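# Secondary and tertiary structure notes
So you can see what is in the structure, the chains are spelled out below.
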2 protein chains.
Amino acid sequence: MTIDAAEPRLRADAERNRRRLLDAAAAAFAEKGVGCSVDEIARRAGVGHATAFRHFPTKEGLVAAVVKDRLRQIADMAEAALEQGDADASLRVFLEQTAEMHANDRCLVEEARFVARDPEVLAEKAQTMDAVGRLVARAQAAGALRSDVTANDVFLLVRGVIEATAPLHAVSPELWRRYLAIVLDGLRAGSGAPLPLEAPVGKAPVHAVSDPAA
Amino acid sequence: MTIDAAEPRLRADAERNRRRLLDAAAAAFAEKGVGCSVDEIARRAGVGHATAFRHFPTKEGLVAAVVKDRLRQIADMAEAALEQGDADASLRVFLEQTAEMHANDRCLVEEARFVARDPEVLAEKAQTMDAVGRLVARAQAAGALRSDVTANDVFLLVRGVIEATAPLHAVSPELWRRYLAIVLDGLRAGSGAPLPLEAPVGKAPVHAVSDPAA
């Protein structure tokens, strides 16, 4: 094996270890929340301490990477929804997917507060919100969604459904579906009078990255 | 002054001190959350340590008393709403009042978890939910509210709106009005398809007393 051939393989190994660490971290945060150390996550990932440290010298860096990963997944789901023909159904399916992800990943939502100002997280979040904004605008253009809501509004409502049902997650893990259905009905075009107050803008929290100081 | 005349006055003094302690505790919990000691609350109430201890030997007892007080206020608001002629408008006004109370009292919601199994709190909660249930049933009978929701559903939705907007409370303290309006539109009779899953029953949390173990 020549050096030229070994290099891509080293990079592939590193990428695989990084992926393992991110998956183990996401699972550990979902299960145990803030209490999980990078060492414990390395153990769960089957990756040595030194390797884990090389990839993620700080726990904050690891949390930021997991949050970016989730934001990327949400953006991918939004882009996939935009490929579907039905503007109404595709938005609703997207919101169900997003709610489901967060219902099973609530501790990560808490963790995300600590990295909400990380520049890379903010950049990823901007891309995600751009995709969701296009999905929202398409549903509004199709007359399926009330015209006075924004992508931030929609995320805040999903967040509310998840937070409200979280205490009952153990006994009724899908209860969020009941309340998401009510919220989706309230979001239909022509549902009611114009909404009071302005929608949050700019640094307002999306569900995946809530920032109490925004 | 005879002993017979002094006794009611002593009782009135005790009642006033108790009221002061409850009001100071409610304000302190809303402001500072769990971190507040009974001593600090006594100082804020202008009541001596011994007196405070006589009324509330444990902090848990004080928290339970504050929560019962809030539940009683919610029940009173529901009874007042039932006196109004318009079944639809009175339910909506009641839900706005309840949401407003909780938006300004969010730490108390957290505290309430610790006393959710207190028998007196449970009894007060049952009375409150009975009044809210009558308000919900009246709106349903008037065709103003979808027939497949319960008082517990409605409280969980209010809880969601408050939780979702809590991180933005400092910059937009009334933002909950925007999302409550969407939820209320989704709750209108004939809003959509029948809801999935069963409504939570029995020990399911109301907003004021959420019980993660229920």
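Residues numbered from 1 in each chain as written. Chains lettered and ligands numbered in written order. Predicted model: local features only at pLDDT ≥ 70, side-chain atom pairs only at ≥ 80, totals over all residues. Heavy atoms only, no water.

### Notes on the overall build of chain A
This is how it is decided: Helix numbers and strand numbers start at the N terminus; a helix is a DSSP run of H or I with at least 4 residues, a strand a run of E with at least 2. For every residue, the accessible area obtained with a 1.4 Å probe (protein chains only) is divided by the maximum for its type, and the residue is called buried under 20%, exposed over 50%, and partly exposed between those limits. When checking whether two residues touch, look at their non-hydrogen atoms; a contact exists if any pair is within 4.5 Å. Surface exposure here means Shrake-Rupley accessible area, sampled with a 1.4 Å probe, where a residue is shielded only by the protein chains that are shown.
Check the secondary structure of chain A and you find nine helices and zero strands. Start at the N end of chain A and walk to the C end: the helices and strands fall as α-α-α-α-α-α-α-α-α. Here chain A holds 214 residues, and 50% of them are scored as buried. Within chain A, counting contacts between residues at least 6 apart in sequence, those at least 24 apart form 76% of the total. If you sum the accessible surface of chain A, you get close to 9800 Å²; carbon and sulfur atoms cover 55% of it.

### Structural notes on the packing of helix H5 (residues 87–103) of chain A against helix H7 (residues 119–141) of chain A
All names here are of chain A. Applicable threshold: Where helices are involved, their axes are fitted lines through C-alpha atoms of the stretch in contact, as for all axes, and angles between N-to-C directions lie from 0 to 180°. Our angle categories are set so that under 35 degrees counts as roughly parallel, over 145 as roughly antiparallel, 65 to 115 as roughly perpendicular, and the remainder as oblique. By convention the crossing between two helices is left-handed if the near helix lies anticlockwise of the far one by an angle smaller than a right angle, and right-handed if it lies clockwise.
The geometry of H5 relative to H7 is characterised by a closest axis approach of 8 Å and an angle of 140 degrees between their N-to-C directions. In terms of orientation, H5 and H7 fall into the oblique class. Viewed along their axes, H5 and H7 form a crossing whose handedness is left-handed. Between H5 and H7, the residues in contact are Ala87, Ser90, Leu91 and Phe94 and Val132, Leu135, Val136, Arg138 and Ala139, respectively.

### Topic: the relation of the copies chain B and chain A
Put simply, the second copy of the chain is the first one after a rotation about an axis and a shift along it. This is how it is decided: The copies were overlaid with a least-squares fit restricted to C-alpha atoms from residues scoring a pLDDT of at least 70 in each copy.
After a rotation of 180 degrees and a shift along the axis of 0.0 Å, chain B superposes on chain A with an RMSD of 0.1 Å. Here the transformation between the copies is reduced to the relation of a two-fold axis.

### Focus on the interface of chain B and chain A
Here is the rule we go by: Accessible area that two parts lose when put together, with a 1.4 Å probe and added across both, is what the buried area reports. Every case where a carboxyl oxygen of Asp or Glu lies within 4 Å of a side-chain nitrogen of Lys or Arg is listed as a salt bridge. Pairs of N or O atoms are called polar contacts if they sit within 3.5 Å, as long as, within protein, a hydrogen donor faces a hydrogen acceptor (for residues adjacent in sequence, only side-chain-to-side-chain pairs). Lys, Arg, Asp and Glu make up the charged group, whereas Ala, Val, Leu, Ile, Met, Phe, Trp, Tyr, Cys and Pro make up the nonpolar group; the residues left over, Gly among them, are polar.
Opposite the 39 residues of chain B that make contact, chain A presents 38 residues. Here chain B and chain A share an interface that buries about 3200 Å² over both sides, 66% of which is from carbon and sulfur atoms. Ranking the residues of chain B by area buried against chain A places Pro167, Arg178 and Ile182 of chain B at the top, with a combined share of 22%. Where chain B touches chain A, the interface holds four salt bridges. In this structure, the connection of chain B to chain A is made through ten residue pairs in polar contact (both at pLDDT 80 or more). Residue assignment for the side of chain B that touches chain A shows that the elements contributing at least two residues are helix H8 (151–165) and helix H9 (176–186) of chain B. Examining the composition of the side of chain B that touches chain A, we find that eight residues originate from one element, H9 of chain B, more than from any other. Per-class residue counts for the side of chain B that touches chain A are 21 nonpolar, five polar and 13 charged.

### Observations concerning the layout of surface pockets
Residues and elements named next belong to chain A. Selection criterion: Lining residues are defined by having an atom within 4 Å of a point belonging to a cavity or pocket. Those points lie on a 1 Å grid over the protein atoms alone, cavities being sets where a 1.4 Å probe fits but cannot get out and pockets being open sets with protein on both sides within 12 Å along at least five of seven lines. Grid points are joined across faces, edges and corners, and a volume is the space filled by probe spheres set on the points.
The computed volume of the second largest pocket comes to approximately 230 Å³. Surrounding the second largest pocket, 13 residues form its lining, Glu96, Arg177, Leu180, Ala181 and Leu184 being those nearest its centre. If you list the elements that add at least two residues to the lining of the second largest pocket, you get H5 and helix H9 (176–186). The element best represented in the lining of the second largest pocket is H9, accounting for six residues. Per-class residue counts for the lining of the second largest pocket are seven nonpolar, no polar and six charged.

### Some words on empty space enclosed by the protein
Overall, the coordinates contain three cavities of 30 Å³ or more when judged by the stated rule. Around the largest cavity sit 15 residues that line it, and Leu157, Gly160 and Val161 of chain A together with Gly160 and Val161 of chain B are the ones nearest its centre. The element contributing the most residues to the lining of the largest cavity is H8 of chain B, with six residues. Grouping the constituent residues of the lining of the largest cavity by class yields twelve nonpolar, three polar and no charged.

### Examining the environment of Asp118 of chain A
Residue and element names in this part refer to chain A. With respect to the secondary-structure elements, Asp118 resides in the loop between helix H6 (106–112) and H7. Remark: the alpha-carbon pair of Asp118 and Glu31, spanning 87 residues in sequence, is separated by 24 Å. A polar side-chain atom of Asp118 sits 2.8 Å from the main-chain amide nitrogen of Glu120.

### Thoughts on the nonpolar core
What counts here: The set of buried Ala, Val, Leu, Ile, Met, Phe, Trp, Tyr and Cys residues whose side-chain atoms join them within 4.5 Å is what this entry labels a nonpolar core.
Residues Leu91, Phe94 and Leu187 of chain A together with Leu91, Phe94 and Leu187 of chain B are the most contacted members of the largest nonpolar core, which totals 74 residues. With near-sequence residues (within four places) excluded, Phe94 of chain B lies in contact with Ile74, Met77, Ala78, Ala81, Val132, Leu135 and Phe155 of chain B. Core analysis: the next-biggest nonpolar cluster, separate from the first, contains 25 residues, Cys36, Ala52, Val66 and Ala112 of chain A among them.

### Digging into H9 of chain B
Of all eleven residues in H9 of chain B, nine are buried, a share of seventy percent or more. If you check which residues of H9 of chain B are buried, you get Trp176, Arg178, Tyr179, Leu180, Ile182, Val183, Leu184, Asp185 and Gly186 of chain B. Along its buried surface, H9 of chain B packs onto helix H8 (151–165) and H9 of chain A together with helix H5 (87–103) and H8 of chain B.

### Here's the deal with the side chain of Glu124 of chain A
Residues and elements named next belong to chain A. With respect to the element layout, Glu124 can be found in helix H7. A relative accessible area of 10% places Glu124 in the buried class. Every residue in contact with Glu124, bar those within four places of it in the chain, is listed here: Lys68, Leu71 and Arg72.

### Details of the pattern of salt bridges
For the structure shown, the criterion picks out 32 salt bridges over all chains. Measuring nitrogen to oxygen at the nearest pair gives 2.8 Å for the salt bridge that ties Glu79 of chain A to Arg134 of chain A. With Glu79 of chain A in helix H4 (residues 59–83) and Arg134 of chain A in helix H7, the pair connects residues that are 55 residues apart, well separated along the chain. The class for Glu79 of chain A is partly exposed, based on a relative accessible area of 34%. Taking the relative accessible area as the measure of exposure, Arg134 of chain A reaches 38% and is therefore partly exposed. Here Arg146 of chain A and Asp185 of chain B are joined by a salt bridge, their closest N and O atoms 2.9 Å apart. Of this pair, Arg146 of chain A sits in the loop between H7 and H8 while Asp185 of chain B sits in helix H9, which puts the two residues in different chains.

### Observations regarding unusual backbone geometry
Residue and element names in this part refer to chain A. Although it is not a glycine, Leu197 sits at a positive phi angle of roughly 65 degrees. Structurally, Leu197 can be placed in the segment after H9. Judged by relative accessible area, Leu197 falls into the partly exposed class, the value being 36%.

That's the geometry; what it means functionally is another story.
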